[in-house]
Protein chains: 2
Amino acid sequence: MVNRRIAEILRSGQPDESLQVQGWVRTKRESKGFAFIEVNDGSSLANLQVVINQDLPDYEPILKKLNTGAAVEVRGVLVASLGKGQRIELKAESITVHGEADPDTYPLQKKRHSFEFLRTIGHLRSRTNSFGAVFRVRNACSAAIHQFFQERGFLWVHTPIITASDCEGAGELFSVTSLDLKNIPRTENQAIDYSQDFFAKPTYLTVSGQLEAEIMAMAFSNVYTFGPTFRAENSNTSRHLAEFWMVEPEMAFCDLEGDMDLAEAFLKHIFKYVLETCPEDMEFFNERIDNTVLATAENIINNEFQRLTYTEAIALLEKADVKFEYPVSWGLDLQSEHERYLAEQKFKKPVIVTDYPAKIKAFYMRLNDDEKTVRAMDILAPKIGEIIGGSQREERLEVLERRVLAQGLNPEELWWYLDLRRYGTVPHAGFGLGFERLVQFITGMANIRDVIPFPRTPQSAEF
Amino acid sequence: MVNRRIAEILRSGQPDESLQVQGWVRTKRESKGFAFIEVNDGSSLANLQVVINQDLPDYEPILKKLNTGAAVEVRGVLVASLGKGQRIELKAESITVHGEADPDTYPLQKKRHSFEFLRTIGHLRSRTNSFGAVFRVRNACSAAIHQFFQERGFLWVHTPIITASDCEGAGELFSVTSLDLKNIPRTENQAIDYSQDFFAKPTYLTVSGQLEAEIMAMAFSNVYTFGPTFRAENSNTSRHLAEFWMVEPEMAFCDLEGDMDLAEAFLKHIFKYVLETCPEDMEFFNERIDNTVLATAENIINNEFQRLTYTEAIALLEKADVKFEYPVSWGLDLQSEHERYLAEQKFKKPVIVTDYPAKIKAFYMRLNDDEKTVRAMDILAPKIGEIIGGSQREERLEVLERRVLAQGLNPEELWWYLDLRRYGTVPHAGFGLGFERLVQFITGMANIRDVIPFPRTPQSAEF
């Protein structure tokens with residue numbers, strides 16, 4: 001007996017085909033002499049309807065077990081469906097119940113549950129329509145990302161998670177240690193005796209793989225990271241996670257123009273891929289979660305992104321007929337309200353702002369000839385604000401050394417990063433994409449905790 | 001001017017094509033009236049030979065800059081090569097030197113360097129032939145893994161890196177904390193005041209994503225993890241890393257047979273993919289690193305893996321005409337020498353040993369009816385020993401609870417894992433592949449530190 005996934009049956013199954021499906025019961029409806037169950041195996045949002053006739057052996061005792069959540073194996077024959085809502089259904093010839101789900105205690109009954117409640121049962125929530133759709137789309141985004149870069153000859157590089165370098169200064173870090181926290185060993189002068197720690201020095205969870213990706217780009221020209229990154233920032237919001245995935249391509253022999261071209265093509269590719277591979281899930285989000293997600297996707301795919309400098313953006317914001325909460329002034333960073341004004345009201349499409357003041361950007365961004373701005377770029381999208389941040393990197397050794405010192409960093413700790421400029425330096429550029437923000441953007445899910453299987457947030461590291 | 005990668009030019013470039021390449025000088029040879037440089041851009045092991053005639057403007061000053069490691073952009077025309085070793089070469093019409101590399105200080109001169117030395121310059125070693133080949137093959141393995149699972153409808157799931165559960169008992173754990181190690185806060189009774197820590201409880205770096213992958217398999221049927229895992233084990237060997245990547249598929253409605261079938265198809269797929277996409281790199285490993293790697297790859301691809309039970313394996317080992325260092329006796333774990341005997345001498349191909357004694361395996365493996373063995377399987381490969389370990393999982397709630405207690409674990413901490421058996425439980429199975437061991441296996445690289453870009457080992461977390 002051929003075992004088939006439900007997505008594939010719904011797409012191409014034909015009447016009279018004999019087959020077997022395995023999945024979980026979503027609902028049961030009983031009628032006189034027969035019953036319907038909806039079976040889902042996670043391969044699609046839609047369920048396969050199974051018709052069970054009362055002449056099935058053990059009809060009554062089996063039916064009793066077929067409650068929401070029960071795991072079943074059904075063998076039968078496909079028949080054209082007379083009911084509406086489905087083209088085809090499965091006429092059961094035998095049913096095996098692998099595991100029951102007691103309707104008195106199983107938390108996922110038919111009624112709709114709040115996302116807040118579902119977060120407390122993170123081990124079960126993926127069995128709902130919403131989270132099924134979220135994690136299928138999340139997987140599609142991942143697949144699209146790898147496809148995009150692999151087709152272009154980029155190598156996926158695994159940059160370290162545990163790092164001794166905290167020099168990016170990107171906020172608070174998690175410490176990693178093998179020391180016994182109850183009894184931290186001390187040296188004679190009461191300092192921590194790191195000689196007893198696993199790495200013999202303080203180590204942290206990485207906040208970005210960029211600097212190491214630059215190492216790899218100086219050998220392979222085009223590389224990307226796609227891995228977990230961490231912030232110990234105590235932000236209990238719908239947009240922050242302590243553990244999140246990030247994608248960071250890095251290209252040698254590439255300037256900011258090339259960087260923007262790649263980032264724009266990249267975003268368009270992901271949206272196209274998701275619309276093509278998860279049309280049903282995307283319809284679901286549009287109907288149930290946020291009725292602008294399909295229009296947003298089309299907007300991203302079909303528009304050339306607007307490019308303007310930070311200085312031009314400030315001028316536009318100063319002229320804008322809008323009352324902003326935060327001040328607009330050359331030298332200050334753009335706030336979310338400013339970014340959204342540009343993308344949603346002014347241009348009504350994604351906007352790439354370039355050449356930010358050096359003072360508000362990282363030390364590694366390439367200094368422009370005006371000595372005031374750097375070759376940074378942020379992509380601001382309607383509805384979500386900043387989705388990608390990137391820059392051309394400072395490839396000139398003497399300028400980089402100057403910038404390192406100006407930002408109070410220690411050039412000795414960055415010896416290897418400076419070596420990249422000492423030996424065979426090239427113009428290069430890259431960007432970073434927060435993966436969960438992207439999934440939020442695509443699906444319209446309001447809370448970032450609902451687009452990652454097991455969110456890590458202040459006071460919470462469940463499962 | 002069209003910019004092209006060197007791999008592609010070497011494959012399909014034709015005489016008279018005008019193009020531009022960007023890369024780094026590997027070697028320079030000067031002759032009377034002209035010079036050759038070999039340029040590499042990381043896209044392939046082979047370099048593109050560039051011919052520079054003395055009538056190029058600024059011939060002498062440019063030539064002085066073209067030392068090993070210098071970054072160049074060369075525009076020119078392809079010509080058929082008269083020399084041997086290459087089909088085609090590039091006749092330079094203009095050369096831009098982006099970054100020089102001082103031959104007096106640049107550590108990567110023409111001579112061969114030991115891998116030990118190259119580890120000390122991890123920021124530069126990817127620019128050598130060996131590490132170039134290693135990281136291209138590593139990327140190909142990654143791409144093959146995603147391709148294999150995506151084509152079969154598996155979802156890539158991101159299981160958490162930071163975890164509060166240490167219940168697998170898989171060795172020593174790294175602690176993750178936002179507390180100030182110099183000044184750990186205490187409660188009144190001198191315990192650590194975890195209420196001040198980020199997650200308000202002790203947290204660790206994950207040793208495996210399996211338990212969380214099971215959660216996801218109970219919603220999507222087929223999933224896989226591919227992410228970093230950690231062991232704070234103080235093993236300073238050529239086979240251990242504190243941070244390594246692991247691949248862990250998990251399949252609902254799957255028994256050990258299905259698990260073995262998938263694992264065998266999976267390994268074969270990866271080897272085939274690497275041979276097809278990196279033939280030149282694989283030839284290099286076979287010539288320079290280990291002259292058995294191509295034969296090993298063919299062995300994996302072309303043989304049906306031998307399957308036998310642990311009990312049968314013990315009987316074979318007891319009869320073997322070999323003096324083992326470690327004792328062979330039913331109930332003891334197989335040592336590396338035993339595994340290698342089976343794969344290399346007895347069967348001369350990969351071997352899958354199943355049904356190990358319950359006492360030496362993890363609590364979640366399915367107990368056989370004999371109550372002494374579990375449905376575990378290890379794949380043992382010639383040359384490397386265990387490469388994959390997997391099992392059918394215990395899906396019966398009451399048996400699992402018994403096994404949890406028998407192994408001294410706390411069922412309360414595993415409440416969510418037990419819930420998976422309480423609600424809609426199904427037969428399911430999965431396996432784990434240590435990614436770096438796989439890359440070692442394929443490339444023949446002797447030390448695991450040389451197959452990951454930035455190895456983390458006792459006393460070492462550089463770059």
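Cut-offs applied
- Residues numbered from 1 in each chain as written.
- Chains lettered and ligands numbered in written order.
- Predicted model: local features only at pLDDT ≥ 70, side-chain atom pairs only at ≥ 80, totals over all residues.
- Heavy atoms only, no water.
- Helix = DSSP H or I, 4+ residues; strand = E, 2+ residues; numbered from the N terminus.
- Buried < 20%, exposed > 50% of the residue type's maximum accessible area, 1.4 Å probe, protein only.
- Areas by Shrake-Rupley, 256 points an atom, 1.4 Å probe, with all protein chains shown as cover.
- Lys, Arg positive; Asp, Glu negative; His and termini not counted.
- Charge placed at Lys NZ, Arg CZ, Asp CG, Glu CD.
- Pairing = 2+ DSSP bridges.
- Axes fitted to C-alpha atoms, helices over the stretch in contact; angles between N-to-C directions.
- Least-squares fit on C-alpha atoms with pLDDT ≥ 70 in both.
- Contact = heavy atoms within 4.5 Å.
- Phe/Tyr/Trp six-rings, centres within 6.5 Å; stacked < 30°, edge-to-face > 60°.
- Lys NZ or Arg CZ within 6 Å of the ring centre and 35° of its normal.
- Parallel < 35°, antiparallel > 145°, perpendicular 65-115°, else oblique.
- Nonpolar A, V, L, I, M, F, W, Y, C, P; charged D, E, K, R; others polar.
- Buried area = accessible area lost by both parts, 1.4 Å probe.
- Salt bridge = Lys/Arg side-chain N within 4 Å of Asp/Glu carboxyl O.
- Polar contact = N/O pair within 3.5 Å; in protein donor to acceptor, adjacent residues only side chain to side chain.
- Expected span 1.5 Å × (residues − 1).
- pLDDT = per-residue confidence, 0-100.

### Description of the overall build of chain A
The secondary structure content of chain A amounts to 13 helices and 16 strands. Summarising its shape, the C-alpha atoms of chain A cover approximately 85 × 60 × 45 Å along the three principal directions. Per-residue burial for chain A yields a buried fraction of 60% across its 463 residues. As presented, chain A carries roughly 18400 Å² of accessible surface, and 46% of it is formed by carbon and sulfur atoms. Averaging the locations of the 52 positively and 67 negatively charged side chains of chain A gives two centres separated by 5 Å.

### Digging into the sheet that holds strand β3 (residues 48-53) of chain A
Residue and element names in this part refer to chain A. The strand order around the closed barrel built from 5 strands is β1-β2-β3-β5-β4, with neighbouring strands paired in mixed fashion. Each strand of the sheet is rotated relative to its neighbour by a mean of 55 degrees, with strand direction disregarded. Note that strand β1 (residues 18-31) and strand β2 (residues 34-40) share 7 bridges and pair antiparallel. Looking across to β2, one finds that Glu30 is bridged to Ala35.

### Some details on the pairing of strand β5 (residues 88-99) of chain A
Residue and element names in this part refer to chain A. Pairing geometry for β3 and β5, over 2 bridges, is parallel. Bridging from a neighbouring strand, Val50 pairs with Leu90 of β5. Pairing between strand β4 (residues 71-80) and β5: 10 bridges, direction antiparallel. Paired with Glu73 across the bridge in β5 is Thr96.

### Structural notes on unusual backbone geometry
Across the chain, the bulk of peptide bonds are trans and the bulk of non-glycine residues have phi less than zero. Residues and elements named next belong to chain B. Of note, the phi angle at Gln190 is positive, near 70 degrees, even though the residue is not glycine. A positive phi is found at Gln459, a non-glycine position, where the angle reads about 70 degrees. With respect to the secondary-structure elements, Gln459 resides in the segment after α13 (435-443).

### Side note on the relation of the copies chain B and chain A
Mapping chain B onto chain A calls for a screw motion: a turn of 180 degrees about the axis and a shift of 0.0 Å along it, with 0.0 Å RMSD after fitting. Classification of the inter-copy transformation places it as that of a two-fold axis. Distance from the rotation axis, computed per C-alpha, reaches its smallest value in chain B at Val176(B): 2.4 Å. A shared interface surface links the copies, since 99% of the contact residues of chain B are contact residues in chain A too.

### Thoughts on the packing of aromatic side chains
Tallying each qualifying case throughout the model produces 61 aromatic pairs over all chains. On the basis of an interplanar angle of 75 degrees and a centroid distance of 4.8 Å, the ring pair of Phe198(A) and Phe199(A) is categorised as edge-to-face. Here Phe198(A) and Phe199(A) have matching classes, each one buried. Over the ring of Tyr417(A) we find Arg421(A), and its NZ or CZ is 4.1 Å from the ring centre. The ring of Tyr356(B) has Lys361(B) sitting right over it, with the charged end atom 4.3 Å from the ring centre.

### Considerations on the packing of helix α8 (residues 293-302) of chain A against helix α13 (residues 435-443) of chain A
The description of two helices packed together rests on the angle between their axes and the distance between the axes. All names here are of chain A. Look at α8 against α13: their axes get within 7 Å of each other, and the N-to-C directions meet at 115 degrees. Accordingly, the angle class assigned to the pair α8 and α13 is roughly perpendicular. Listed contacts from α13 to Val293, Thr296 and Ile300 of α8 are Phe441, Ile442 and Thr443. Each residue belonging to the contact of α8 with α13 can be placed in one class, and the counts come to 4 nonpolar, 2 polar and no charged.

### Digging into the interface of chain B and chain A
At the junction of the two partners, chain B supplies 105 residues and chain A supplies 104 residues. Surface buried jointly by chain B and chain A totals about 8600 Å² across both partners, of which 65% is contributed by carbon and sulfur atoms. For the pair chain B and chain A, the number of links is 2 salt bridges. Ionic pairing is found between Lys201(A) and Glu462(B), a salt bridge with its closest N-O pair at 2.9 Å. Our count for the chain B to chain A interface comes out at 37 residue pairs in polar contact (both at pLDDT 80 or more). It is helix α4 (residues 129-151) of chain B that contributes the most residues to the side of chain B that touches chain A, 10 residues altogether.

### Observations regarding the environment of Ile184(B)
Relative to the assigned elements, Ile184(B) resides in the loop between β8 (175-177) and β9 (203-205). As for Ile184(B) and Leu267(B), which are separated by 83 residues in sequence, their C-alpha atoms are 47 Å apart. Once residues lying within four places of it in the same chain are set aside, the contact partners of Ile184(B) are Leu181(A), Ile184(A), Leu179(B) and Ile192(B).

### Let's talk about the pattern of salt bridges
Within the structure shown, the criterion is met by 50 salt bridges over all chains. A salt bridge links Glu17(A) to Arg4(A); the shortest N-O distance between them is 2.8 Å. Residue Glu17(A) is found in the loop between α1 (6-12) and β1, and its partner Arg4(A) is found in the segment before α1; the two are separated by 13 residues along the sequence. Accessibility expressed as a relative area gives 14% for Arg4(A), which makes it buried. Where Glu436(B) meets Arg138(B), a salt bridge forms, and the shortest distance between an N and an O atom there is 2.9 Å. Taken together, the residues Glu436(B) in helix α13 and Arg138(B) in helix α4 connect sequence positions 298 residues apart. Like Glu436(B), the residue Arg138(B) is buried in the burial classification. One connected set of salt bridges, linked through shared partners, spans Glu257(A), Asp261(A), Glu264(A), Lys268(A) and Arg307(A).

### As for the side chain of Thr457(B)
Counting through the fold element by element, Thr457(B) comes out in the segment after α13. In contact with Thr457(B), other than residues within four places in its own chain, are Phe198(A), Phe199(A), His240(B), Leu241(B) and Arg449(B).

### A closer look at the side chain of Thr229(A)
Residue and element names in this part refer to chain A. As for its placement among the helices and strands, Thr229 is situated in strand β10 (residues 222-230). Relative accessible area serves as the criterion here: at 3%, Thr229 is assigned to the buried category. Other than its neighbours up to four places away in sequence, Thr229 contacts Thr206, Val207, Ser208, Ala242, Glu243, Phe244 and Met246.

### Quick notes on the packing of helix α9 (residues 310-319) of chain B against helix α10 (residues 336-346) of chain B
Residue and element names in this part refer to chain B. Axis separation between α9 and α10 bottoms out at 11 Å; the angle between their running directions is 80 degrees. With respect to α10, the axis of α9 lies roughly perpendicular. For the pair α9 and α10, contact is made by Ala313, Leu316 and Leu317 and by His338, Tyr341, Leu342 and Lys346, respectively. Classifying every residue of the contact of α9 with α10 by side-chain character gives 5 nonpolar, 1 polar and 1 charged.

### As for helix α6 (residues 256-277) of chain B
Here α6(B) contains 22 residues, and its C-alpha end-to-end distance of 31 Å stays within 8% of the 32 Å for a straight helix at 1.5 Å per residue. N-capping of α6(B) is provided by Asp255(B), with a side-chain oxygen placed 3.2 Å from the backbone N of Glu257(B).

### Observations regarding helix α5 (residues 210-220) of chain B
Structurally, the α-helix is built with 3.6 residues per turn, so residues lying three or four positions apart point the same way. Residues and elements named next belong to chain B. Burial analysis of α5 places 11 of its 11 residues in the buried class, the great majority of the element. Residues Gln210, Leu211, Glu212, Ala213, Glu214, Ile215, Met216, Ala217, Met218, Ala219 and Phe220 constitute the buried set of α5. Taken from the residues just after α5, Ser221 is the one with a positive phi, measuring 70 degrees.

### Regarding the sheet that holds strand β2 (residues 34-40) of chain B
Working definition: the strands of a sheet are paired by backbone hydrogen bonds and lie parallel or antiparallel to each other. All names here are of chain B. The 5 strands lie next to each other as β1-β2-β3-β5-β4, forming a closed barrel whose pairing is mixed. Strand-to-strand twist of the sheet, defined as the mean angle between neighbouring strand axes without regard to direction, takes the value 55 degrees. Bridge analysis of strand β1 (residues 18-31) against strand β4 (residues 71-80) gives 7 bridges, and the strand direction is antiparallel. Pairing of Trp24 across the sheet is with Ala71, part of β4.

### As for the environment of Asn67(A)
Residue and element names in this part refer to chain A. Assignment of secondary structure puts Asn67 in the loop between α2 (59-65) and β4. Between the C-alpha atom of Asn67 and that of Asp333, which follows or precedes it by 266 residues, the distance is 55 Å. Side chain to side chain, Asn67 and Lys28 meet in a polar contact 3.4 Å long. For Asn67, the side chain forms a polar contact with the main-chain oxygen of Lys64, separated by 2.9 Å.

### Side note on the confidence of the model for chain A
For chain A, the mean per-residue pLDDT works out to 96, and 99% of the residues sit at or above 70. Interface confidence in the predicted complex, given as ipTM, is 0.97; pTM for the same model is 0.97.

### Some words on the environment of His240(B)
Residue and element names in this part refer to chain B. As for its placement among the helices and strands, His240 is situated in the loop between β10 (222-230) and β11 (243-252). Sequence separation of His240 and Arg437 is 197 residues, and the distance between their C-alpha atoms is 9.2 Å. With residues near it in sequence (within four places) discarded, His240 still touches Glu233, Ser235, Arg437, Ile448 and Thr457. A distance of 2.7 Å separates the side chain of His240 from the side chain of Thr237, its partner in a polar contact.

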